[in-house]
Each structure stands twice: as structure tokens, then as C-alpha cells.
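Each chain, letter by letter, is given below.
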Amino acid sequence: MTHLRRRPALLAAVPLAVTALLAAADPALAAGGVGAPGVGDPCFPLAGNGGYHVDHYDLTVRYDPVSRRLEGKAVLTARATQRLTRFDLDLHGLKVTGLTVDRAEARHRRHGQELVVTPRRALRKGERFRVTVAYSGVPGPVTDPDGSLDGWIPTDDGAFVASEPQGAMTWFPANNHPTDKSSYDITLTVPEGRTAVANGVLLGQRTAHGKTTFRWRQTEPMAAYLATATIGKFRVERFTTRDGVKVYNAVDPREAGAAAPVLKKLPSVLEWESRLFGRYPFRAAGAVVDRAPQAGYALETQTRPVYDRAPDLGTLVHESAHQWFGDSVSLTSWKDIWLNEGFATYTEWLYAEQHGGDSAQKTFDALYATPAGDELWAFPPGNPGGENIFGTPVYARGAMALHALRTAVGDRAFFRVLRAWAAEHRHGNGTTAQLERLAERLSGKELGGLFRTWLYARGKPNVSQKTR
Ligand code: TRP
Ligand code: ZN
């Protein structure tokens, strides 16, 4: 049970030559009414933007899998957090064909991934405003610092849309950072015979003139990278769980045989996780099982993870755990990515432990037995850098950190911490420092040494520090 998400072979790291562009969070700019081009994330300096928050995205997207052309309209309802004479959205590629702010045409220009908008009049601090962007083109994925692809990834029958960490901007203009969470309406139109799956609840579906439109609604707050619009020839299954959660599964028929026995367990996995972590955070659930070798990984898209192929049970447990840890409780900064991946991986260990497999201690011991030169110990998971956010230490040593915490505080306090973490930051954001304070509060123990050892210290931790 120590497997990682399958990931594509790593290409050479692409150097980030954007630091120069970085006026993020520059107080001089903010005072002049200019929104920053990034939220100041050290891993992805241009991700997100300063000066406003988006409350709601209303996305209308048409896609033709043959020509691979996309036509989109995005209506963002936002609030200015400062006076704004100018602000940025994130958008990669595609052509902007029209842009209004509160119905008035607004000047705009492109600068790399920044779509720079100058509204006709300045927005006041606290003012609500509406941005409408019409755009079109042939979308494609972005290449991450680790060489993997994310965003709009065309497949042989549609597109696999998995946008962690940066790809949301490949298919809609966004405030592309997990600190800005919003509700979404996503309306997708595709040729009849294809299915277009987004997040949340399916409000309706209609076919006319050879095209089918799917209307999706994601009510609970969602980070942009967790939005999907995965399109293909799918078999659909719908039902409601005993807890009233609406399940919508879409499966590529080529993967259906292998997927069926695993997907059958989704309700029981969600029930088991709800007992462990507290109530499931969303009104909808499900899975999209695609055939997307171009991606090579699964992603915990909110309410409805996307799988690049039929998942095994461990992967289903992992992506489901992310609904609490990553989706409901989101990162504040990408450097804390272990809060997502360590928790999801540790959930796999717990699932095995409670379902007749290896104990978490046994899994921990097997990993701890790997030699100090192993890639598991290549860097500490607490601040891995943009090129390492999906590296082995983030998943495996991140899970080991949680196991070390459990050993130090005992099962009672440990499981209380997991539940309290999910409850106190539900539909919000969290940081490693906040988790540490919570664990200290609930256990009455000083845990600074343990967090430092497992998350921030270079090299293989000394075994005597394993649990304290
Ligand atoms: N967060 C995903 C998971 O663990 C994995 C993932 C997303 C990923 N994007 C990636 C892995 C890019 C490697 C490369 O479920
Ligand atoms: Zn994960």
C-alpha cells in the first residue's frame, strides 16, 4: 500500500524565469490601485491575483473533439479587496474576443499568463463587480516545473481536464490559486453522443440539433484547480447514497470491466471516511474513469475525481480522502502540499489497516527500512519547491509524519485531530503551522520537534526521533 499516484516520466525541470515579473503583493502597486499579478505563492509566483476575490464563476463552454476548438464565456462575480484601477486574471493561450466589467467594455491586454484588465472606472474597495470574458481557441495543457501536463488534455474522444496545480487557466480565466474558493455553474455543450462531466450536481441535460448541453452546479466553495470539464464517450450511472449524496459516475467503456468492482465500493469508502473524518463535505460525489494516457495520473477534482484509467482500490480511497483533505480543507500555499498528499496517502494506510491488510505501523516500518540514499529521503516534504510537489517524499514521508504524530499522541488524540482539522477548516484553507497548533492543543504535547524532524529536516530522520 505504499504506491504513489502514477505519474509521467519526469522531463528536465523548466526553470522559473518569472521572479523578475513579480510585483506580487507589492504595497506600492496596491496603494496605486493596481491588483498584483500573483498572490505571492513561493512555488508559483504568478498563480492567482491580488486585489479581489471571486464569489462565483458561471462558465459556458462548447467543445468540438474533432476540431478541438473551444468557445467559452466566463462570468465572474467578484469583490474588490482594495481600490482597483487595474487587475489581472490568469489565462493561458486562447483568444479573448470580448471583455466587460459591469457591462461596460474594458481595456485588456495579455502578458504571458496574465490577462490585464483596466475597467472604465476604478472599482472601490469592497465593491462587488462582474467580469464577462468571451474567449475561444484550441486549448492545450501547460507543462509543470516537474514536466507533467495539467489543464485541458485532449484525448481520443474528448478531453481529460485535470488542472493541479496550474491548469485551470488553460480553459477559463481564473483567479487561479487555492486561497480563492468560489461556487461554480458549469454549462458544457458537446456533440450528441459525448458526455461532458463537471463538478457537483447535474441540473439538467438537453439535446438539440446534434449537440448535448450538460448543466452542472458546484455549490460548495471550490478552488479553480479542482474544476473539471472532462469529455468523452462514457457510460453513466446515477444513484443517491444512504446519506443523501448524489452520485454520478461516467466510465469509458474500454475501462468499464476493470473499473466496475472498484467503483462499486465508492459508497462504502465514503461512509468509512465519513466515520473517520466527519461528515462528507459535499452534496455530490462520483467518478470519471477515462482513458487518458496523456495525463498518466488521477486527480481529486471536487466531488468527482477524474481517473486516467480504471483505478485500483487504493487510488479510489486516496482521491476520496482528498475530498476532505485538499478539497474541503484547501492549501494556503503550495509549499504545504503534504497536507493534501500526506493525508490522502495515510488514509490508504488506514484503509488497509482496518480492512484486513497491513497495519499502518508495518507500512511505516517497511518505508523506514529503505536506505538513506533512497529517493524517499531526497528532500523533506514540508517545503518541496514547485518542481517537487508530487515527489515521493511528499506522499510517503508526509504519511510517515502523520504516523509519527499518531504514535506520539496516541490514537484517541490523533483521530480527534483529523476530525477537528476537517471540521475547523471545512470549506476553507489551512497551513502546516495551524495543524501543529491544533495537534498540540488536543494532545497537550509540545510537537515542534516532531514536525521539524518529519517535515523540514534534511535526510532520513534518526530512528530515535521516530516518534518524539
Ligand atoms: N494530486 C494527484 C493525486 O495525488 C496527483 C497529481 C496531480 C499529479 N497532478 C500531477 C502527479 C502531476 C504527478 C504529476 O491524486
Ligand atoms: Zn493525492
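What you see is a predicted model; the values in this text were computed from it and never measured.

Student: Is there a simple way to think about the pairing of strand 3 (residues 87-90) in this case?
Tutor: In regular strands, side chains alternate between the two faces of the sheet. Side chains Phe 87 and Leu 89 project from strand 3 onto one buried face, and the interleaved Asp 88 and Asp 90 project onto a second face that is buried too. Alignment of strand 3 against strand 7 (residues 114-118), held across four bridges, turns out to be antiparallel. Opposite Leu 89, over in strand 7, you have Leu 115 as the bridge partner.

Student: Would you explain the packing of helix 4 (residues 313-324) against helix 5 (residues 338-354) in this entry?
Tutor: Relative orientation and spacing of two packed helices are given, respectively, by the angle between their axes and the distance between those axes. Axis separation between helix 4 and helix 5 bottoms out at 8 Å; the angle between their running directions is 130 degrees. Put simply, helix 4 runs oblique to helix 5. For the crossing formed where helix 4 meets helix 5, the hand is right-handed. On the side of helix 4, the interface is formed by Leu 313, Gly 314, Val 317, His 318, Ala 321 and His 322, while helix 5 contributes Asn 340, Glu 341, Ala 344, Thr 345, Thr 347, Glu 348 and Tyr 351. Among the residues making up the contact of helix 4 with helix 5, the classes are represented as five nonpolar, six polar and two charged.

Student: Can you help me understand the sheet that holds strand 15 (residues 211-222) in this one?
Tutor: Strand-to-strand pairing in sheets goes through backbone hydrogen bonds, with the strands running parallel or antiparallel. The strand order 5-4-8-2-1-12-15-14 describes an open sheet built from eight strands, whose pairing is mixed. Strand pairing shows two members of the sheet lacking a second neighbour, strand 5 (104-105) and strand 14 (201-208), which therefore form its edges. Looking at chain direction, strand 4 (residues 95-101) and strand 5 are connected through two bridges and run antiparallel. The partner of Thr 100 across the bridge, within strand 5, is Glu 105.

Student: What should I look at first to understand helix 5 in this one?
Tutor: Side chains that are three or four residues apart share a direction in an α-helix, a result of its 3.6 residues per turn. Its 17 residues place the ends of helix 5 23 Å apart at the C-alpha level, agreeing with the 24 Å of an ideal helix rising 1.5 Å per residue. Burial runs high along helix 5: 15 of the 17 residues are buried. Phi turns positive, to about 80 degrees, at Gly 356, one or two residues after helix 5.

Student: I would appreciate a short explanation of the coordination of the zinc ion (ligand 2) in the present structure.
Tutor: Angles between donor atoms at a metal ideally measure 109.5 degrees for a four-coordinate tetrahedral arrangement and either 90 or 180 degrees for a six-coordinate octahedral one. Taken together, the protein ligands of the zinc ion (ligand 2) are His 318 (NE2), His 322 (NE2) and Glu 341 (OE), with distances of 1.9 to 2.0 Å. As a motif over one chain, the donors of the zinc ion (ligand 2) read H-x3-H-x18-E. Remark: His 322 and His 318 occur in helix 4; sequence separation between them is four residues, near one turn of the helix. Assessed through its relative accessible area of 0%, His 318 is described here as buried. Owing to a relative accessible area of 0%, His 322 belongs among the buried residues under this scheme.

Student: Explain the confidence of the model for the protein chain to me, please; I cannot follow it from the model alone.
Tutor: Detailed reading of predicted coordinates is not advised where the pLDDT is low. When pLDDT is averaged across the protein chain, the result is 93; 93% of the residues are at 70 or more. Under a pLDDT of 50 for its full length, residues 6-24 has, in the predicted model, 36 contacts with residues more than four places off or in other chains.

Student: Which parts of the structure should I look at to understand helix 7 (residues 392-409)?
Tutor: Between its terminal C-alpha atoms helix 7 stretches 25 Å, which fits the 26 Å expected from 18 residues at 1.5 Å a residue. A large share of helix 7 lies buried, amounting to 17 of its 18 residues. Two residues or fewer after helix 7 comes Gly 410, characterised by a positive phi angle close to 90 degrees.

Student: What should I look at first to understand the environment of Leu 376 in this one?
Tutor: Looking at the secondary structure, you find Leu 376 in the loop between helix 6 (360-368) and helix 7. On the basis of relative accessibility, which here comes to 2%, the residue Leu 376 falls in the buried class. C-alpha of Leu 376 to C-alpha of Thr 392: the two residues are 16 residues apart in sequence and 5.6 Å apart in space. Once residues within four sequence positions are removed from consideration, Leu 376 is found in contact with Leu 367, Thr 370, Thr 392, Pro 393, Ala 396, Arg 397 and Met 400.

Student: Looking at this structure, how should I read the pattern of salt bridges?
Tutor: Pairing between side chains of opposite charge can happen when their charged atoms approach one another. Scanning the entire structure with this criterion turns up 16 salt bridges. For the salt bridge of Asp 157 with Arg 254, the shortest nitrogen-to-oxygen distance reads 3.8 Å. Of this pair, Asp 157 sits in the loop between strand 10 (149-154) and strand 11 (159-162) while Arg 254 sits in the loop between strand 18 (246-251) and helix 2 (256-263); the two residues are 97 residues apart in sequence, bridging distant segments of the chain. Looking at Asp 157, the relative accessible area reads 5%, which means it is buried. For Arg 254, a relative accessible area of 38% corresponds to the partly exposed category. Between Asp 411 and Arg 406 there is a salt bridge, with its nearest N and O atoms 2.9 Å apart.

Student: Sorry, what's going on with the domain arrangement of the protein chain here?
Tutor: Accessible area lost when the parts come together is the quantity often used to give the size of an interface. Entries for the protein chain in the domain assignment read domain 1 (2-311) and domain 2 (334-456). Spacing between the C-alpha centres of domain 1 and domain 2 amounts to 27 Å. Listed by partner, the interface residues are 34 residues for domain 1 and 30 residues for domain 2. Between domain 1 and domain 2 lies a buried interface of about 2,800 Å² when both sides are counted; carbon and sulfur atoms form 60% of it. Run the count over domain 1 and domain 2 and you get zero salt bridges. Seen at the junction of domain 1 and domain 2, the total is seven residue pairs in polar contact (both at pLDDT 80 or more). The set of elements that each furnish at least two residues to the side of domain 1 that touches domain 2 consists of strand 15 and helix 3 (266-277). Sorting elements by how many residues they give to the side of domain 1 that touches domain 2 places helix 3 first, with seven residues. Of the residues that constitute the side of domain 1 that touches domain 2, the class distribution is 16 nonpolar, six polar and twelve charged.

Student: Help me out: how do you make sense of unusual backbone geometry in this one?
Tutor: In this chain, Glu 164 is followed by Pro 165 through a cis amide linkage whose omega measures 0 degrees. Structurally, Pro 165 is set in the loop between strand 11 and strand 12 (182-191). Located in the positive-phi region is Asp 102, a residue other than glycine, with phi close to 50 degrees. Inspection of the secondary structure assignment puts Asp 102 in the loop between strand 4 and strand 5. Of note, His 427 is a non-glycine position whose phi angle comes to about 60 degrees, a positive value. Here His 427 is to be found in the loop between helix 8 (411-424) and strand 22 (428-430).

Rules used in this analysis
- Residues numbered from 1 in each chain as written.
- Chains lettered and ligands numbered in written order.
- Predicted model: local features only at pLDDT ≥ 70, side-chain atom pairs only at ≥ 80, totals over all residues.
- Heavy atoms only, no water.
- Buried < 20%, exposed > 50% of the residue type's maximum accessible area, 1.4 Å probe, protein only.
- Helix = DSSP H or I, 4+ residues; strand = E, 2+ residues; numbered from the N terminus.
- Pairing = 2+ DSSP bridges.
- Axes fitted to C-alpha atoms, helices over the stretch in contact; angles between N-to-C directions.
- Parallel < 35°, antiparallel > 145°, perpendicular 65-115°, else oblique.
- Left-handed = near helix turned anticlockwise from the far one by under 90°.
- Contact = heavy atoms within 4.5 Å.
- Nonpolar A, V, L, I, M, F, W, Y, C, P; charged D, E, K, R; others polar.
- Expected span 1.5 Å × (residues − 1).
- Donors = N, O, S within 2.8 Å, 3.2 Å for Na, K, Ca; no water.
- pLDDT = per-residue confidence, 0-100.
- Salt bridge = Lys/Arg side-chain N within 4 Å of Asp/Glu carboxyl O.
- Domains from an automatic or database assignment.
- Buried area = accessible area lost by both parts, 1.4 Å probe.
- Polar contact = N/O pair within 3.5 Å; in protein donor to acceptor, adjacent residues only side chain to side chain.

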